[in-house]
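A closer look at the structure
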Amino acid sequence: MSPAEPPVVPEAAPDAARAATGAVPGPDGLPRCPWGLSAPDYVAYHDEEWGRPVHGDDALFERLCLEAFQSGLSWLTILRRREGFRAAFAGFRIAEVAAFTQEDRTRLLADPGIIRNRAKVDATLANARVLADWQPGELDELIWSHAPAPRPAPRTLADVPAVTPESTALSKELKRRGLRFVGPTTAYALLQACGLTNDHLADCAMREAPRH
């Protein structure tokens, strides 16, 4: 799940002044990335999930799908519908989504609990069918093989990239293997959200939180 662009943080692109802002103190006095305090829904996600390592094909499939649905929208829109997405897409269990029928597609396009975007729904179903033919652990291995080398901690949001060579390479490989809605920006948001890169700001209290 993810940050929006640019920089890639879970929100609409900040203005120049906001982008130049470093970590800011929250109600508890702990400094956090500014987007993590911009809406109540973000606090737990920022503190407990974003940037923590995620493994497992189904778990990574969920994140990849939600990043795709977020394209062009605020991450907050996706976060508030997360449970609706999980219910609609069988918990993002690849094998089950791959077996969805035309009736399931019709159901999804009428479901107010998700984003009813025809192209994104179709991409999710098509991607599940592709991934169902992969070996167990293959998606996990592919994504984690694109983890970038550690780099200096960003001081402000303006220091956080929207695309990197690693996300571009991951995007190309996923597309080559038949997946849709996996552009370089979406791929980088995935790398951030799933802990392959640590883009918490340098002074954010969560930057050095346990990463397990």
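Residues numbered from 1 in each chain as written. Predicted model: local features only at pLDDT ≥ 70, side-chain atom pairs only at ≥ 80, totals over all residues. Heavy atoms only, no water.

- Under an unreviewed UniProt entry, the name given to the protein is DNA-3-methyladenine glycosylase I, and the source organism is Streptomyces fragilis.

Re the overall build of the protein
- Each helix and strand in the protein was counted, giving 11 helices and 2 strands.
- Element order for the protein, N to C, with α for helix and β for strand: α-β-β-α-α-α-α-α-α-α-α-α-α.
- A buried classification covers 50% of the 212 residues belonging to the protein.
- Looking at the protein alone, contacts between residues at least 24 apart form 67% of all its contacts between residues at least 6 apart.
- Surface exposure of the protein reaches about 9,200 Å², of which carbon and sulfur atoms provide 54%. (Helix = DSSP H or I, 4+ residues; strand = E, 2+ residues; numbered from the N terminus. Buried < 20%, exposed > 50% of the residue type's maximum accessible area, 1.4 Å probe, protein only. Contact = heavy atoms within 4.5 Å. Areas by Shrake-Rupley, 256 points an atom, 1.4 Å probe, with all protein chains shown as cover.)

As for the packing of aromatic side chains
- Taken as a whole, this structure holds 9 aromatic pairs when the rule is applied.
- Measuring from centroid to centroid gives 5.8 Å for Y45 and W75, while their planes differ by 35°, and the two rings are tilted. Of this pair, Y45 sits in helix α2 (residues 40-48) while W75 sits in helix α4 (residues 75-79), and the two are 30 residues apart along the sequence.
- Relative accessible area serves as the criterion here: at 2%, Y45 is assigned to the buried category.
- Given a relative accessible area of 0%, W75 falls into the buried group.
- Summarising the aromatic geometry, the rings of F61 and F92 are spaced 6.1 Å apart at their centres and angled 70° between planes, so their arrangement reads as edge-to-face. Residue F61 is found in helix α3 (residues 57-70), and its partner F92 is found in the loop between α5 (82-88) and α6 (94-98); the two are separated by 31 residues along the sequence.
- Look at F92 and you get buried, because its relative accessible area is 0%.
- Three or more aromatic residues joined by ring pairs make a cluster, and in this case those are W35, Y42, Y45, W50 and W75.
- For the cation-ring pair, R107 lies above F100, with the distance from its terminal atom to the ring centre recorded as 5.3 Å. (Phe/Tyr/Trp six-rings, centres within 6.5 Å; stacked < 30°, edge-to-face > 60°. Lys NZ or Arg CZ within 6 Å of the ring centre and 35° of its normal.)

What about the nonpolar core?
- In this structure, F61, F85, F89, L108, L139, L170 and L174 are the most contacted members of the largest nonpolar core, which totals 53 residues.
- Per-element tally for this core: the top contributor is α3, with 6 residues.
- With sequence-adjacent residues up to four places away left out, F85 is seen in contact with L66, F69, I78, F92, G113, I114 and I115. (Core = buried A, V, L, I, M, F, W, Y, C linked by side-chain atoms within 4.5 Å.)

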